[in-house]
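# An overview of the molecular structure
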Amino acid sequence: MGRFQKTLISAFLLYLVILPLLVSAAADENECGGSKGGDSAAAKASVRNYKIVAFFSILFAGVIGVCLPIYGLKSESDFFMYVKAFAAGVILATGFVHILPDATESLTSPCLGEEPPWGDFPMTGLVAMSASILTMLIESFASGYFNRSRLEMEGKTLPVSTGGGTEEHSHAASAHTHASQGHSHGSLLVPQDDHTDMRKKIVTQILELGIVVHSVIIGVSLGVSPSVSTIKPLIAAITFHQLFEGFGLGGCVSEAKFEAKKIWVMLLFFSLTAPVGIGIGIGVSEIYNENSPMALKVSGFLNAAAAGILIYMALVDLVAPLFMNHKAQSSLKIQVFCSLSLVVGAGLMSLIAVWA
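Residues numbered from 1 in each chain as written. Predicted model: local features only at pLDDT ≥ 70, side-chain atom pairs only at ≥ 80, totals over all residues. Heavy atoms only, no water.

Using the following cut-off: UniProt positions are given in the numbering used here, feature names are shortened, and annotations may be inferred rather than shown by experiment.
An unreviewed UniProt entry lists the chain under the name Probable zinc transporter 12, with Camelina sativa as the source organism. Regarding the chain, the relevant UniProt record gives this comment under Sequence similarities (unreviewed entry): "Belongs to the ZIP transporter (TC 2.A.5) family." The UniProt entry for the chain carries the following text under Subcellular location (unreviewed entry): "Membrane".

## Structural notes on the environment of Ser132
Applicable threshold: Secondary structure is summarised from DSSP: a helix means a run of H or I of at least four residues, a strand means a run of E of at least two, and numbering begins at the N terminus for each. For every residue, the accessible area obtained with a 1.4 Å probe (protein chains only) is divided by the maximum for its type, and the residue is called buried under 20%, exposed over 50%, and partly exposed between those limits.
Within the fold, Ser132 resides in helix α4 (residues 123–156). Overall, the relative accessible area of 19% leaves Ser132 in the buried class. In this structure the C-alpha to C-alpha distance between Ser132 and Met313, which are 181 residues apart in sequence, comes to 8.3 Å.

## Some thoughts on the confidence of the model for the chain
The criterion, for reference: Confidence per residue, as judged by the predictor, is encoded in pLDDT with a range of 0 to 100. Contacts are assigned to residue pairs that have any heavy atoms within 4.5 Å of one another.
Here the chain shows a mean pLDDT of 78. Residues at 70 or above account for 76%. Predicted confidence for residues 165–190 stays below pLDDT 50, and this span has 49 contacts to residues more than four positions away or in other chains.

## Regarding the pattern of salt bridges
Short version of the rule: Definition used for salt bridges: Asp or Glu carboxyl oxygen within 4 Å of a side-chain nitrogen of Lys or Arg.
Considering all chains together, one arrives at three salt bridges under this definition. The salt bridge involving Glu255 is made with Lys84; its shortest N-O contact spans 2.6 Å. Here Glu255 is found in helix α6 (residues 228–256), whereas its partner Lys84 is found in helix α3 (residues 78–107), with 171 residues between them in sequence. Per residue, the accessibility class of Glu255 equals that of Lys84, and both read buried. The salt bridge partner of Glu255 is Lys200, with a shortest N-O separation of 3.4 Å. Here the residue Glu255 occupies a position in helix α6, and Lys200 occupies one in helix α5 (residues 192–223), the gap between them amounting to 55 residues.

## Quick notes on the nonpolar core
Short version of the rule: Only buried residues count toward a nonpolar core, which is a set of Ala, Val, Leu, Ile, Met, Phe, Trp, Tyr and Cys residues joined through side-chain atoms within 4.5 Å.
Val66, Leu207, Leu249, Val253, Met313 and Cys338 are the most contacted members of the largest nonpolar core, which has 47 residues in total. Counting residues per element, the ones that place at least two in this core are α2 (41–72), α3, α4, α5, α6, α7 (260–284), α8 (293–324) and α10 (332–352). Considering each element in turn, this core owes the most residues, 11 residues, to α8. Each residue touching Met313, except ones within four places of it in the same chain, is listed here: Thr135, Glu139, Val203, Ile206, Leu207 and Leu318. Among the nonpolar cores identified, the runner-up in size contains 11 residues, and Ile218, Leu234, Ile235 and Ile278 belong to it.

## Remarks on α3
Because each turn of an α-helix spans 3.6 residues, side chains separated by three or four positions end up pointing in the same direction. Cut-off, in case you're wondering: Multiplying 1.5 Å by the residue count of a helix minus one yields the expected span of that helix. Bend, at a single residue, is the angle you get between axes fitted to the 7 residues ending at that residue and the 7 residues starting at it.
Here α3 is 30 residues long and its end C-alpha atoms lie 42 Å apart, about the 44 Å a rise of 1.5 Å per residue gives. Along α3, the largest kink reaches about 35° and is centred on Ile99; proline Pro101 follows within four residues of it. Extensive coverage of α3 is indicated by the burial of 21 of its 30 residues.

## What about the UniProt feature "transmembrane region" (unreviewed entry) in the chain?
According to UniProt, the positions carrying the feature "transmembrane region" (unreviewed entry) are residues 49–72, 79–101, 121–146, 206–228, 234–253, 265–284, 304–324 and 336–355. The span residues 79–101 is 100% helical and 0% strand by assignment, and the distance between its end C-alpha atoms comes to 32 Å. Along residues 336–355, the helical share is 85% and the strand share 0%, with 30 Å between the first and last C-alpha atoms.

## Observations regarding the packing of aromatic side chains
Centre distance and the angle of the planes are the two values used to describe a pair of aromatic rings. Cut-off, in case you're wondering: Each Phe, Tyr or Trp ring, with Trp reduced to its six-membered ring, pairs with another whose centre is within 6.5 Å; inter-plane angles below 30 degrees give stacked pairs, above 60 give edge-to-face pairs, and intermediate values give tilted ones.
The tally for this structure, following the rule as stated, stands at five aromatic pairs. Taking the centre distance of 5.2 Å and the plane angle of 75° together, the rings of Phe55 and Phe56 count as edge-to-face. With a centroid separation of 6.1 Å and an interplanar angle of 35°, the aromatic rings of Tyr71 and Trp264 are classed as tilted. With a gap of 193 residues between them, Tyr71 in helix α2 and Trp264 in helix α7 connect regions that are remote in the sequence. Overall, the relative accessible area of 45% leaves Trp264 in the partly exposed class. Counting every residue linked through ring pairs, the aromatic cluster contains Phe86, Phe244 and Phe247.

Okay, structure coming up:
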C-alpha cells in the first residue's frame with residue numbers, strides 16, 4: 001500500500017504544478033469578466049495583509065482540526081463514535097452544500113456559451129457520478145490487490161494442523177479444510193481485522209485526496225479576491241470550514257491506525273493545501289480572471305469530481321458502517337446520539353455556506 005499512497009501523493013503534486021499553469025492560461029481569456037485594475041497601492045497592501053492573516057488563520061485551524069481526533073480521543077469509546085458521526089455529517093455537507101453548487105455554478109455559467117456540452121447538458125452530475133464510480137473501483141481494486149498479495153505471502157509458509165503435529169505447505173493449493181475427517185489444513189482467507197484495517201486506510205487516503213483538491217480551489221479563490229470586503233467574511237468562513245473538515249478527516253485517520261510517520265505526512269498534506277492555494281492565488285491575482293472559460297472549466301470539473309468522491313465516501317464508507325455496526329445496533333442511546341451528531345455536523349457545515 002506504500003505504492004498506492006505514493007501514487008496519490010504524486011497525482012496531487014502534479015495537480016499543484018499544473019493548476020498555476022491553467023490559472024495563468026485563464027488570464028488570456030477575458031471575453032467574460034473584467035480586469036482588476038484601478039486599485040490604489042494602499043488598497044492593494046491592505047488586501048495583501050488580510051490574505052497573509054488568512055494564510056496563517058486557515059493553516060492553524062487545519063492543524064488543530066485534524067489533530068484533535070487523532071491525539072485527543074480514544075477510538076474505543078462511545079464518544080469517538082459520536083465524533084465520527086459528526087465528522088461524517090461535515091463531509092457530507094461539504095460535498096452536497098459547498099462543493100456541488102460551486103461546480104454547478106461554474107459549469108453552467110453564461111461565460112461558457114451555449115454550445116454543447118455547455119448548454120443544457122448536466123455536466124456537473126456526470127462528473128460527480130463518474131468520480132463516485134471511480135472511487136468505488138479504486139477501493140475495490142486496491143482492496144483486491146492487498147488481499148491477493150497477502151494470500152500469496154500466507155500460502156508460501158502456511159502452518160497446517162494435522163492432529164498429531166504441525167507441518168508447512170509450500171504453496172497455496174495445499175490449504176483446505178476437511179471437516180468430515182476431523183482436521184483442518186488452515187485457511188488462506190486474509191484475517192478479517194487485517195482486511196478491515198487496510199480498507200480503512202484506503203478509504204482515508206482517497207477521502208483526503210477529495211478534500212485537499214477542494215481545499216486548494218477555495219484557497220486560490222481567496223488568494224485572487226481583490227477586495228477587503230470580500231476577504232473578511234471568507235477568512236472566518238474558510239477557517240471554520242477547514243477546522244470542521246480537519247476534524248472529519250482526523251477521525252478517519254485515527255481509526256485507520258496509520259504509522260506515526262504517515263499520520264504526520266497526512267496531517268501536513270491536509271493542513272498546507274488551502275494555504276498553498278492562497279499562495280498560488282496571490283501569485284496570479286494580477287492576471288487571473290475567474291470568469292474566463294478556462295478557469296470555470298478547471299474549477300468546475302475539479303469541484304464536481306471532489307463532490308462525487310466526498311458524497312460517496314461519506315455515505316458508503318462513513319455513515320453506513322457506523323450506523324449498521326453491532327455496537328450501534330445494540331444500543332438505542334448510541335443510535336440516538338450518533339444521529340444527533342450526524343445532523344449537527346451536517347447542519348453546522350451547511351450554515352457556513354452562508355458566508356463561503
